[in-house]
Amino acid sequence: MPDLHEPTIAAIATPPGPGGIGIIRISGPESKSILTKLFKPRTKLKQLSSHKLYYGWIVPQENSPPLDEVLAVYMKAPSTYTREDVVEIHCHGSFIILKEILSHIFLAGARPAEQGEFTKRAFLNGRIDLTQAEAVIELLNAKTKEGLDIAVNQLRGNLHSEIEEVRDILVGIKAILEVAIDFPEDDVDIIDPDKRKAEIREKVMPVLQQLILNSDRGQIFREGISIVIIGKPNVGKSSLLNALLKKDRAIVTEIPGTTRDTIEEYLNIHGIPIKIVDTAGIRDAEGAVEKIGIQRSKEKLEEADLVLLVLDSSSPLQQEDYDLHQSIGEKQILIVANKNDISKKESFSVNFPHTPTIPLSAKTTEGIKDLEDAIFEQVTDDMSDWDPGCSSAPNIRHKSSLEKTLLACSRIMRGLEENIPADLLAIELQSSLDSLGDIVGYTTTEDVLDKIFAEFCIGK
Ligand SMILES: Nc1nc2c(ncn2[C@@H]2O[C@H](COP(=O)(O)OP(=O)(O)OP(=O)(O)O)[C@@H](O)[C@H]2O)c(=O)[nH]1
Ligand SMILES: [Mg+2]
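Each value, and the rule that gives it
Residues numbered from 1 in each chain as written. Chains lettered and ligands numbered in written order. Predicted model: local features only at pLDDT ≥ 70, side-chain atom pairs only at ≥ 80, totals over all residues. Near = placed C-beta within 6 Å. Helix = DSSP H or I, 4+ residues; strand = E, 2+ residues; numbered from the N terminus. Nonpolar A, V, L, I, M, F, W, Y, C, P; charged D, E, K, R; others polar. Pairing = 2+ DSSP bridges. Contact = placed C-beta atoms within 7 Å. Axes fitted to C-alpha atoms, helices over the stretch in contact; angles between N-to-C directions. Buried ≥ 20, exposed ≤ 12 C-beta atoms within 10 Å, placed from the backbone.

Let's hear about the site of ligand 1: which residues, and what values?
Lining the immediate surroundings of ligand 1 are 24 residues, of which Gly236, Ser238, Ser239, Thr259 and Gly281 lie closest. Looking at the shell around ligand 1 element by element, the count peaks at three residues for helix H9 (residues 237-245). Partitioning the shell around ligand 1 into residue classes produces seven nonpolar, twelve polar and five charged.

Have a look at this one:
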(Lines give C-alpha, C1' and ligand atoms only; values in the text may rest on other atoms or scores of the structure.)
(Ligands and ions follow the chains in the order given, each with its own letter.)
Protein backbone atom coordinates (compact mmCIF):
# COMPACT_ATOMS: atom_id res chain seq x y z
CA MET A 1 0.00 0.00 0.00
CA PRO A 2 1.22 3.54 -0.69
CA ASP A 3 2.66 5.40 2.25
CA LEU A 4 0.33 8.26 3.19
CA HIS A 5 3.24 10.12 4.79
CA GLU A 6 5.21 10.25 1.54
CA PRO A 7 5.67 13.83 0.38
CA THR A 8 3.62 14.87 -2.62
CA ILE A 9 5.79 15.38 -5.69
CA ALA A 10 5.25 17.35 -8.89
CA ALA A 11 7.03 17.89 -12.20
CA ILE A 12 6.49 18.86 -15.80
CA ALA A 13 5.92 15.55 -17.61
CA THR A 14 6.24 16.76 -21.21
CA PRO A 15 9.56 17.57 -22.93
CA PRO A 16 10.96 21.12 -22.79
CA GLY A 17 10.19 23.52 -25.62
CA PRO A 18 6.93 24.84 -27.03
CA GLY A 19 4.22 22.32 -27.83
CA GLY A 20 0.47 22.02 -28.30
CA ILE A 21 -0.02 21.01 -24.70
CA GLY A 22 2.23 20.63 -21.68
CA ILE A 23 1.37 18.33 -18.81
CA ILE A 24 2.18 18.73 -15.13
CA ARG A 25 1.96 15.64 -13.00
CA ILE A 26 1.43 15.53 -9.23
CA SER A 27 1.55 12.38 -7.10
CA GLY A 28 1.02 11.84 -3.39
CA PRO A 29 -1.55 12.31 -0.64
CA GLU A 30 -1.83 16.10 -1.14
CA SER A 31 -2.48 15.92 -4.89
CA LYS A 32 -6.21 16.50 -4.69
CA SER A 33 -6.07 19.33 -2.15
CA ILE A 34 -3.37 21.08 -4.24
CA LEU A 35 -5.57 20.85 -7.32
CA THR A 36 -8.61 22.17 -5.45
CA LYS A 37 -6.57 25.16 -4.26
CA LEU A 38 -5.41 26.15 -7.74
CA PHE A 39 -8.06 24.93 -10.17
CA LYS A 40 -11.38 26.64 -10.83
CA PRO A 41 -13.63 24.39 -12.91
CA ARG A 42 -15.98 26.08 -15.37
CA THR A 43 -19.07 24.70 -13.63
CA LYS A 44 -19.21 24.72 -9.86
CA LEU A 45 -18.70 21.24 -8.37
CA LYS A 46 -19.26 19.81 -4.92
CA GLN A 47 -16.52 17.26 -5.38
CA LEU A 48 -13.98 16.31 -8.08
CA SER A 49 -14.80 12.80 -9.31
CA SER A 50 -11.89 10.43 -9.89
CA HIS A 51 -10.60 9.75 -13.42
CA LYS A 52 -12.73 12.50 -14.96
CA LEU A 53 -11.33 15.31 -17.07
CA TYR A 54 -12.49 18.82 -16.05
CA TYR A 55 -12.26 22.03 -18.02
CA GLY A 56 -11.39 25.25 -16.19
CA TRP A 57 -8.66 27.73 -15.22
CA ILE A 58 -5.64 27.81 -12.97
CA VAL A 59 -6.25 30.68 -10.56
CA PRO A 60 -3.42 30.73 -8.01
CA GLN A 61 -5.12 33.11 -5.58
CA GLU A 62 -8.66 34.28 -4.91
CA ASN A 63 -9.40 37.15 -7.34
CA SER A 64 -6.04 36.89 -9.16
CA PRO A 65 -6.21 36.68 -12.97
CA PRO A 66 -6.21 33.12 -14.39
CA LEU A 67 -2.77 31.79 -15.34
CA ASP A 68 -4.00 29.41 -18.03
CA GLU A 69 -7.01 27.65 -19.43
CA VAL A 70 -6.54 23.95 -18.69
CA LEU A 71 -7.93 20.44 -18.50
CA ALA A 72 -7.38 18.75 -15.15
CA VAL A 73 -7.86 15.23 -13.91
CA TYR A 74 -7.72 13.82 -10.40
CA MET A 75 -7.06 10.06 -10.19
CA LYS A 76 -7.73 8.43 -6.86
CA ALA A 77 -5.32 5.77 -5.59
CA PRO A 78 -4.72 2.94 -6.26
CA SER A 79 -5.75 2.86 -9.95
CA THR A 80 -2.98 5.25 -10.99
CA TYR A 81 0.56 5.20 -12.39
CA THR A 82 2.15 5.44 -8.93
CA ARG A 83 -0.70 3.81 -6.96
CA GLU A 84 -0.90 7.10 -5.07
CA ASP A 85 -3.41 9.89 -5.67
CA VAL A 86 -2.34 11.48 -8.95
CA VAL A 87 -3.31 14.76 -10.62
CA GLU A 88 -2.52 15.82 -14.16
CA ILE A 89 -2.96 19.33 -15.43
CA HIS A 90 -2.98 19.75 -19.19
CA CYS A 91 -1.92 23.31 -19.89
CA HIS A 92 -0.86 25.16 -23.03
CA GLY A 93 2.59 23.92 -24.00
CA SER A 94 4.57 27.01 -23.03
CA PHE A 95 7.51 26.39 -20.74
CA ILE A 96 6.89 29.74 -18.97
CA ILE A 97 3.27 28.87 -18.18
CA LEU A 98 4.24 25.37 -17.05
CA LYS A 99 6.98 26.68 -14.77
CA GLU A 100 4.69 29.34 -13.32
CA ILE A 101 1.93 26.84 -12.53
CA LEU A 102 4.49 24.40 -11.13
CA SER A 103 5.83 27.07 -8.76
CA HIS A 104 2.30 27.55 -7.37
CA ILE A 105 1.97 23.78 -6.96
CA PHE A 106 5.18 23.83 -4.89
CA LEU A 107 3.85 26.75 -2.81
CA ALA A 108 0.68 24.71 -2.22
CA GLY A 109 2.66 21.87 -0.66
CA ALA A 110 4.34 19.62 -3.26
CA ARG A 111 8.09 19.21 -3.68
CA PRO A 112 9.96 18.82 -6.98
CA ALA A 113 10.05 15.22 -8.19
CA GLU A 114 13.46 13.63 -8.67
CA GLN A 115 14.44 11.81 -11.85
CA GLY A 116 12.25 8.73 -12.32
CA GLU A 117 10.51 9.30 -8.99
CA PHE A 118 6.99 8.66 -10.34
CA THR A 119 8.10 5.30 -11.75
CA LYS A 120 10.11 4.57 -8.60
CA ARG A 121 6.93 5.04 -6.56
CA ALA A 122 5.05 2.73 -8.94
CA PHE A 123 7.75 0.14 -8.19
CA LEU A 124 7.94 0.74 -4.43
CA ASN A 125 4.14 0.60 -4.19
CA GLY A 126 4.14 -2.74 -5.98
CA ARG A 127 2.33 -1.77 -9.16
CA ILE A 128 5.22 -2.82 -11.37
CA ASP A 129 8.36 -4.84 -10.74
CA LEU A 130 11.86 -3.66 -11.48
CA THR A 131 11.98 -5.23 -14.95
CA GLN A 132 8.89 -3.23 -15.87
CA ALA A 133 10.32 -0.02 -14.41
CA GLU A 134 13.43 -0.55 -16.53
CA ALA A 135 11.21 -1.27 -19.53
CA VAL A 136 9.79 2.24 -19.16
CA ILE A 137 13.30 3.70 -19.65
CA GLU A 138 13.88 1.45 -22.63
CA LEU A 139 10.54 2.35 -24.13
CA LEU A 140 11.40 6.04 -23.89
CA ASN A 141 14.85 5.44 -25.40
CA ALA A 142 13.92 2.90 -28.10
CA LYS A 143 15.51 3.79 -31.43
CA THR A 144 13.71 1.30 -33.67
CA LYS A 145 10.35 -0.46 -33.78
CA GLU A 146 12.08 -3.72 -32.77
CA GLY A 147 13.68 -2.06 -29.72
CA LEU A 148 10.24 -0.75 -28.81
CA ASP A 149 8.66 -4.21 -29.13
CA ILE A 150 11.19 -5.60 -26.64
CA ALA A 151 10.45 -2.81 -24.17
CA VAL A 152 6.68 -3.17 -24.50
CA ASN A 153 6.91 -6.92 -23.89
CA GLN A 154 8.97 -6.33 -20.81
CA LEU A 155 6.52 -3.66 -19.65
CA ARG A 156 3.69 -6.15 -20.01
CA GLY A 157 5.54 -8.33 -17.53
CA ASN A 158 6.78 -11.10 -19.84
CA LEU A 159 10.22 -11.21 -18.25
CA HIS A 160 8.67 -10.96 -14.80
CA SER A 161 6.44 -14.00 -15.37
CA GLU A 162 9.31 -16.12 -16.75
CA ILE A 163 11.41 -15.28 -13.68
CA GLU A 164 8.46 -16.01 -11.38
CA GLU A 165 7.94 -19.45 -12.94
CA VAL A 166 11.56 -20.39 -12.27
CA ARG A 167 11.41 -18.90 -8.78
CA ASP A 168 8.32 -20.97 -7.93
CA ILE A 169 10.15 -24.19 -8.77
CA LEU A 170 13.19 -23.18 -6.70
CA VAL A 171 10.99 -22.08 -3.77
CA GLY A 172 9.28 -25.51 -3.93
CA ILE A 173 12.66 -27.26 -3.74
CA LYS A 174 13.70 -25.02 -0.85
CA ALA A 175 10.55 -26.00 1.08
CA ILE A 176 11.45 -29.67 0.64
CA LEU A 177 15.03 -28.99 1.82
CA GLU A 178 13.70 -27.27 4.92
CA VAL A 179 11.64 -30.33 5.83
CA ALA A 180 14.73 -32.48 5.25
CA ILE A 181 16.79 -30.29 7.61
CA ASP A 182 14.29 -31.10 10.38
CA PHE A 183 14.49 -34.86 9.70
CA PRO A 184 18.17 -35.47 8.94
CA GLU A 185 17.91 -39.26 9.26
CA ASP A 186 15.39 -39.43 6.37
CA ASP A 187 16.80 -36.54 4.34
CA VAL A 188 17.66 -38.50 1.17
CA ASP A 189 14.16 -39.96 1.00
CA ILE A 190 12.56 -36.58 1.61
CA ILE A 191 14.74 -34.72 -0.89
CA ASP A 192 14.47 -37.38 -3.60
CA PRO A 193 17.62 -36.03 -5.34
CA ASP A 194 16.88 -37.53 -8.78
CA LYS A 195 13.51 -35.82 -8.96
CA ARG A 196 14.98 -32.47 -7.81
CA LYS A 197 17.84 -32.75 -10.33
CA ALA A 198 15.34 -33.42 -13.11
CA GLU A 199 13.33 -30.34 -12.11
CA ILE A 200 16.39 -28.11 -12.16
CA ARG A 201 17.81 -29.65 -15.35
CA GLU A 202 14.55 -29.56 -17.31
CA LYS A 203 12.56 -26.66 -15.95
CA VAL A 204 15.05 -24.19 -14.51
CA MET A 205 18.37 -24.27 -16.34
CA PRO A 206 17.02 -24.20 -19.92
CA VAL A 207 14.86 -21.15 -19.10
CA LEU A 208 17.84 -19.35 -17.58
CA GLN A 209 20.07 -20.28 -20.54
CA GLN A 210 17.51 -19.05 -23.05
CA LEU A 211 17.08 -15.77 -21.19
CA ILE A 212 20.85 -15.24 -21.12
CA LEU A 213 21.00 -15.87 -24.86
CA ASN A 214 18.09 -13.49 -25.46
CA SER A 215 19.93 -10.86 -23.49
CA ASP A 216 22.78 -10.72 -26.01
CA ARG A 217 20.34 -10.71 -28.89
CA GLY A 218 18.08 -8.08 -27.38
CA GLN A 219 21.10 -5.92 -26.64
CA ILE A 220 21.74 -5.51 -30.37
CA PHE A 221 18.21 -4.22 -31.02
CA ARG A 222 18.14 -2.16 -27.87
CA GLU A 223 21.56 -0.53 -27.85
CA GLY A 224 22.47 -0.97 -31.49
CA ILE A 225 25.99 -1.28 -32.86
CA SER A 226 28.66 1.00 -34.17
CA ILE A 227 30.07 0.63 -37.68
CA VAL A 228 33.14 2.40 -39.02
CA ILE A 229 33.94 2.81 -42.69
CA ILE A 230 37.67 2.80 -43.37
CA GLY A 231 39.87 2.59 -46.42
CA LYS A 232 42.51 4.38 -48.44
CA PRO A 233 41.71 7.86 -49.77
CA ASN A 234 39.35 8.00 -52.76
CA VAL A 235 38.07 4.41 -52.59
CA GLY A 236 34.49 5.68 -52.07
CA LYS A 237 33.93 5.68 -48.29
CA SER A 238 31.88 8.87 -48.24
CA SER A 239 29.94 7.69 -51.30
CA LEU A 240 29.16 4.49 -49.37
CA LEU A 241 27.96 6.49 -46.36
CA ASN A 242 25.68 8.52 -48.59
CA ALA A 243 24.36 5.40 -50.32
CA LEU A 244 23.53 3.75 -47.00
CA LEU A 245 21.88 6.91 -45.67
CA LYS A 246 20.10 7.46 -48.98
CA LYS A 247 21.07 11.13 -48.87
CA ASP A 248 24.03 13.32 -49.78
CA ARG A 249 25.44 13.75 -46.32
CA ALA A 250 29.19 13.70 -46.91
CA ILE A 251 31.14 15.61 -49.55
CA VAL A 252 32.33 13.38 -52.38
CA THR A 253 35.01 14.47 -54.84
CA GLU A 254 37.61 12.81 -57.02
CA ILE A 255 40.34 14.47 -54.92
CA PRO A 256 41.98 12.01 -52.50
CA GLY A 257 41.82 13.33 -48.94
CA THR A 258 38.38 14.98 -49.29
CA THR A 259 37.10 13.84 -45.90
CA ARG A 260 39.23 15.39 -43.15
CA ASP A 261 37.13 14.75 -40.06
CA THR A 262 34.96 11.85 -38.97
CA ILE A 263 31.25 12.06 -39.84
CA GLU A 264 28.76 10.30 -37.58
CA GLU A 265 25.25 9.41 -38.65
CA TYR A 266 22.49 7.05 -37.56
CA LEU A 267 20.57 4.50 -39.57
CA ASN A 268 18.30 1.55 -39.08
CA ILE A 269 19.21 -1.74 -40.75
CA HIS A 270 16.42 -4.30 -40.41
CA GLY A 271 15.54 -2.95 -36.95
CA ILE A 272 19.08 -2.61 -35.61
CA PRO A 273 19.96 0.96 -34.62
CA ILE A 274 23.34 1.71 -36.14
CA LYS A 275 25.79 4.49 -35.60
CA ILE A 276 27.87 4.74 -38.73
CA VAL A 277 31.09 6.71 -39.03
CA ASP A 278 32.77 7.84 -42.23
CA THR A 279 36.46 8.54 -41.74
CA ALA A 280 39.36 10.28 -43.42
CA GLY A 281 41.15 7.98 -45.85
CA ILE A 282 44.22 6.47 -44.17
CA ARG A 283 47.59 7.15 -45.82
CA ASP A 284 50.96 8.77 -45.01
CA ALA A 285 49.71 12.34 -44.98
CA GLU A 286 51.77 15.52 -45.08
CA GLY A 287 49.19 18.11 -43.99
CA ALA A 288 48.52 18.75 -40.29
CA VAL A 289 44.71 18.68 -40.69
CA GLU A 290 44.75 15.45 -42.62
CA LYS A 291 47.10 13.89 -40.06
CA ILE A 292 44.67 14.69 -37.24
CA GLY A 293 41.82 13.31 -39.35
CA ILE A 294 43.72 10.06 -39.87
CA GLN A 295 44.45 9.84 -36.15
CA ARG A 296 40.69 10.19 -35.51
CA SER A 297 39.95 7.47 -38.07
CA LYS A 298 42.19 5.14 -36.10
CA GLU A 299 40.48 6.02 -32.82
CA LYS A 300 37.05 5.36 -34.34
CA LEU A 301 38.29 2.03 -35.57
CA GLU A 302 39.03 1.08 -31.96
CA GLU A 303 35.43 1.85 -30.89
CA ALA A 304 33.72 -0.01 -33.73
CA ASP A 305 31.72 -3.22 -33.36
CA LEU A 306 31.95 -3.85 -37.09
CA VAL A 307 34.37 -2.45 -39.67
CA LEU A 308 33.57 -1.90 -43.33
CA LEU A 309 36.90 -1.94 -45.17
CA VAL A 310 36.32 -0.26 -48.51
CA LEU A 311 38.56 -1.34 -51.40
CA ASP A 312 38.53 -0.04 -54.96
CA SER A 313 37.93 -3.04 -57.20
CA SER A 314 38.76 -1.05 -60.33
CA SER A 315 42.41 -0.59 -59.41
CA PRO A 316 45.08 -3.00 -58.19
CA LEU A 317 45.45 -3.62 -54.49
CA GLN A 318 48.28 -1.84 -52.74
CA GLN A 319 50.31 -2.57 -49.63
CA GLU A 320 48.21 0.07 -47.77
CA ASP A 321 45.08 -2.06 -48.31
CA TYR A 322 46.77 -5.10 -46.78
CA ASP A 323 48.08 -3.00 -43.88
CA LEU A 324 44.59 -1.66 -43.19
CA HIS A 325 43.14 -5.15 -43.24
CA GLN A 326 45.83 -6.18 -40.78
CA SER A 327 45.18 -3.21 -38.49
CA ILE A 328 41.53 -4.27 -37.95
CA GLY A 329 42.74 -7.21 -35.89
CA GLU A 330 40.09 -9.39 -34.27
CA LYS A 331 37.14 -7.09 -34.95
CA GLN A 332 34.19 -8.15 -37.09
CA ILE A 333 34.89 -7.04 -40.64
CA LEU A 334 33.24 -6.92 -44.05
CA ILE A 335 35.12 -5.97 -47.20
CA VAL A 336 33.23 -3.66 -49.50
CA ALA A 337 34.54 -4.18 -53.04
CA ASN A 338 33.46 -0.79 -54.35
CA LYS A 339 33.28 0.65 -57.85
CA ASN A 340 32.16 -2.62 -59.39
CA ASP A 341 30.41 -0.60 -62.10
CA ILE A 342 33.90 -0.05 -63.57
CA SER A 343 35.87 -2.92 -65.09
CA LYS A 344 37.29 -5.18 -62.43
CA LYS A 345 41.00 -5.40 -61.65
CA GLU A 346 40.88 -7.41 -58.45
CA SER A 347 38.99 -10.33 -57.00
CA PHE A 348 39.37 -9.81 -53.28
CA SER A 349 38.15 -13.22 -52.22
CA VAL A 350 41.56 -14.49 -53.44
CA ASN A 351 43.47 -11.83 -51.52
CA PHE A 352 41.40 -12.03 -48.31
CA PRO A 353 39.94 -15.54 -48.38
CA HIS A 354 38.64 -15.42 -44.79
CA THR A 355 36.84 -12.10 -44.94
CA PRO A 356 33.33 -11.89 -46.42
CA THR A 357 33.37 -9.59 -49.44
CA ILE A 358 30.42 -7.64 -50.83
CA PRO A 359 30.82 -6.28 -54.36
CA LEU A 360 28.84 -3.09 -54.95
CA SER A 361 28.78 0.34 -56.46
CA ALA A 362 28.32 3.19 -54.04
CA LYS A 363 27.81 5.42 -57.06
CA THR A 364 24.90 3.53 -58.67
CA THR A 365 23.87 1.98 -55.28
CA GLU A 366 23.73 -1.45 -56.88
CA GLY A 367 24.56 -4.02 -54.21
CA ILE A 368 23.76 -1.76 -51.23
CA LYS A 369 20.91 -4.03 -50.20
CA ASP A 370 23.30 -7.01 -50.21
CA LEU A 371 25.58 -5.06 -47.90
CA GLU A 372 22.68 -4.29 -45.53
CA ASP A 373 21.75 -7.98 -45.44
CA ALA A 374 25.38 -8.95 -44.84
CA ILE A 375 25.69 -6.44 -41.97
CA PHE A 376 22.51 -7.80 -40.40
CA GLU A 377 23.66 -11.40 -40.75
CA GLN A 378 27.11 -10.65 -39.42
CA VAL A 379 25.90 -8.99 -36.22
CA THR A 380 22.93 -11.24 -35.55
CA ASP A 381 24.94 -14.40 -36.19
CA ASP A 382 22.52 -17.35 -35.83
CA MET A 383 19.45 -15.46 -34.77
CA SER A 384 17.08 -16.88 -37.35
CA ASP A 385 14.78 -18.16 -34.59
CA TRP A 386 14.79 -14.83 -32.77
CA ASP A 387 11.66 -12.74 -32.76
CA PRO A 388 12.08 -9.48 -30.85
CA GLY A 389 8.30 -9.19 -30.75
CA CYS A 390 7.72 -12.24 -28.58
CA SER A 391 10.85 -12.78 -26.50
CA SER A 392 11.62 -10.92 -23.35
CA ALA A 393 15.16 -9.68 -23.60
CA PRO A 394 16.92 -9.12 -20.31
CA ASN A 395 19.37 -6.23 -20.02
CA ILE A 396 22.99 -6.45 -18.82
CA ARG A 397 22.03 -6.13 -15.16
CA HIS A 398 19.49 -8.94 -15.52
CA LYS A 399 21.99 -11.03 -17.45
CA SER A 400 24.59 -10.93 -14.71
CA SER A 401 21.96 -12.00 -12.12
CA LEU A 402 20.80 -14.81 -14.42
CA GLU A 403 24.37 -16.01 -14.77
CA LYS A 404 24.78 -16.03 -10.98
CA THR A 405 21.54 -18.01 -10.65
CA LEU A 406 22.73 -20.49 -13.27
CA LEU A 407 26.03 -20.99 -11.44
CA ALA A 408 24.21 -21.54 -8.16
CA CYS A 409 21.99 -24.10 -9.94
CA SER A 410 25.06 -26.00 -11.17
CA ARG A 411 26.38 -26.09 -7.61
CA ILE A 412 23.01 -27.39 -6.35
CA MET A 413 23.06 -30.11 -9.04
CA ARG A 414 26.53 -31.17 -7.92
CA GLY A 415 25.44 -31.09 -4.27
CA LEU A 416 22.44 -33.30 -5.03
CA GLU A 417 24.74 -35.69 -6.89
CA GLU A 418 27.06 -35.94 -3.93
CA ASN A 419 24.26 -36.10 -1.32
CA ILE A 420 25.63 -33.13 0.63
CA PRO A 421 23.60 -32.17 3.72
CA ALA A 422 20.27 -30.40 3.18
CA ASP A 423 21.30 -27.27 5.10
CA LEU A 424 24.23 -26.66 2.74
CA LEU A 425 21.98 -27.19 -0.27
CA ALA A 426 19.51 -24.74 1.21
CA ILE A 427 22.23 -22.06 1.36
CA GLU A 428 22.97 -22.48 -2.36
CA LEU A 429 19.29 -22.41 -3.11
CA GLN A 430 18.84 -19.18 -1.20
CA SER A 431 21.70 -17.65 -3.16
CA SER A 432 20.02 -18.58 -6.47
CA LEU A 433 16.73 -17.14 -5.20
CA ASP A 434 18.47 -13.92 -4.17
CA SER A 435 20.00 -13.49 -7.61
CA LEU A 436 16.59 -13.96 -9.23
CA GLY A 437 15.08 -11.59 -6.69
CA ASP A 438 17.57 -8.92 -7.78
CA ILE A 439 16.14 -8.98 -11.29
CA VAL A 440 12.55 -8.26 -10.32
CA GLY A 441 13.53 -6.04 -7.40
CA TYR A 442 12.75 -8.13 -4.31
CA THR A 443 16.28 -8.04 -3.00
CA THR A 444 17.82 -5.21 -5.01
CA THR A 445 20.01 -2.90 -2.95
CA GLU A 446 19.22 0.79 -2.54
CA ASP A 447 22.24 1.97 -4.57
CA VAL A 448 21.33 -0.24 -7.53
CA LEU A 449 17.79 1.15 -7.39
CA ASP A 450 19.14 4.71 -7.29
CA LYS A 451 21.31 4.00 -10.32
CA ILE A 452 18.39 2.57 -12.29
CA PHE A 453 16.02 5.43 -11.56
CA ALA A 454 18.71 8.04 -12.20
CA GLU A 455 18.52 7.05 -15.88
CA PHE A 456 15.00 8.45 -16.13
CA CYS A 457 14.09 12.00 -16.98
CA ILE A 458 12.34 14.22 -14.45
CA GLY A 459 8.56 13.87 -14.71
CA LYS A 460 8.62 10.14 -15.53
N1 LIG B 1 32.54 4.68 -60.75
C2 LIG B 1 32.44 4.79 -59.46
N3 LIG B 1 32.98 5.84 -58.82
C4 LIG B 1 32.85 5.93 -57.49
C5 LIG B 1 32.17 4.96 -56.74
N6 LIG B 1 32.23 5.31 -55.43
C7 LIG B 1 32.89 6.46 -55.37
N8 LIG B 1 33.28 6.85 -56.61
C9 LIG B 1 34.03 8.04 -56.95
O10 LIG B 1 35.29 8.00 -56.31
C11 LIG B 1 35.70 9.31 -55.92
C12 LIG B 1 35.99 9.34 -54.44
O13 LIG B 1 34.79 9.12 -53.73
P14 LIG B 1 34.63 9.46 -52.19
O15 LIG B 1 33.34 8.88 -51.75
O16 LIG B 1 34.85 10.91 -51.96
O17 LIG B 1 35.84 8.63 -51.60
P18 LIG B 1 36.44 8.62 -50.12
O19 LIG B 1 36.93 7.27 -49.87
O20 LIG B 1 35.44 9.17 -49.17
O21 LIG B 1 37.67 9.60 -50.25
P22 LIG B 1 38.44 10.43 -49.11
O23 LIG B 1 37.41 11.11 -48.27
O24 LIG B 1 39.26 11.37 -49.89
O25 LIG B 1 39.24 9.46 -48.34
C26 LIG B 1 34.56 10.24 -56.32
O27 LIG B 1 34.88 10.82 -57.56
C28 LIG B 1 33.37 9.31 -56.44
O29 LIG B 1 32.40 9.78 -57.36
C30 LIG B 1 31.61 3.84 -57.44
O31 LIG B 1 30.99 2.93 -56.88
N32 LIG B 1 31.78 3.82 -58.78
MG1 LIG C 1 35.47 10.73 -47.92
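Once the structure has been displayed, the description carries forward.
Requested: an account of the pairing of strand S2 (residues 19-27), with residues and values cited.
Looking along a regular strand, one sees side chains alternate from face to face of the sheet. Sheet topology note: the strand S1 (residues 9-12)/S2 ladder contains four bridges and is antiparallel. Bridge assignment links Ala10 to a residue of S2, and that residue is Ile26. In this antiparallel pair of consecutive strands, S1 and S2, the connection spans six residues, and Gly17 shows a positive phi of 105°. As paired strands, S2 and strand S6 (residues 86-93) are joined by eight bridges and run antiparallel to one another. Directly across from Gly19, in S6, lies its bridge partner Gly93.

Go over the environment of Asp261, please, and point to the residues and values.
You can see Asp261 is positioned in the loop between H9 and strand S9 (263-269). Through-space distance from the C-alpha of Asp261 to that of Ile294 is 8.1 Å; in sequence the pair is 33 residues apart. In this view, Asp261 contacts Ala280, Gly293 and Arg296; residues no more than four positions away in its chain are not counted.

An account of the sheet that holds strand S10 (residues 272-278) is requested, with residue identities and associated values reported.
With respect to topology, six strands assemble into an open sheet ordered S9-S10-S8-S11-S12-S13, the strand pairing being mixed. Both outer strands of the open sheet, S9 and strand S13 (357-359), are each paired with one neighbouring strand and no more. The mean angle between the axes of side-by-side strands here comes to 25°, regardless of whether they run parallel or antiparallel. Relative to S10, strand S8 (residues 225-231) runs parallel, the two sharing five bridges. Looking across to S10, one finds that Ile227 is bridged to Ile276.

Let's hear about the sheet that holds S2: which residues, and what values?
Strands sit in the order S3-S4-S5-S6-S2-S1-S7 across an open sheet of seven strands; the sheet is mixed. The two strands at the open ends of the sheet, each matched to only one other strand, are strand S3 (39-41) and strand S7 (111-112). The pairing of strand S4 (residues 52-58) with strand S5 (residues 68-75) spans seven bridges and is antiparallel. Residue pairing across strands places Gly56 opposite Val70, the latter belonging to S5.

Any chance you could break down the environment of Met75 for me, citing the residues and the numbers?
Considering the arrangement of structural elements, one finds Met75 in strand S5. Exposure remark for Met75: the 20 C-beta atoms within 10 Å place this residue in the buried category. Sequence spacing of Met75 and Gln61 is 14 residues, and the spatial spacing of their C-alpha atoms is 24 Å. Setting aside anything within four residues of it in sequence, one finds Met75 in contact with Ser50, His51, Thr80 and Val86.

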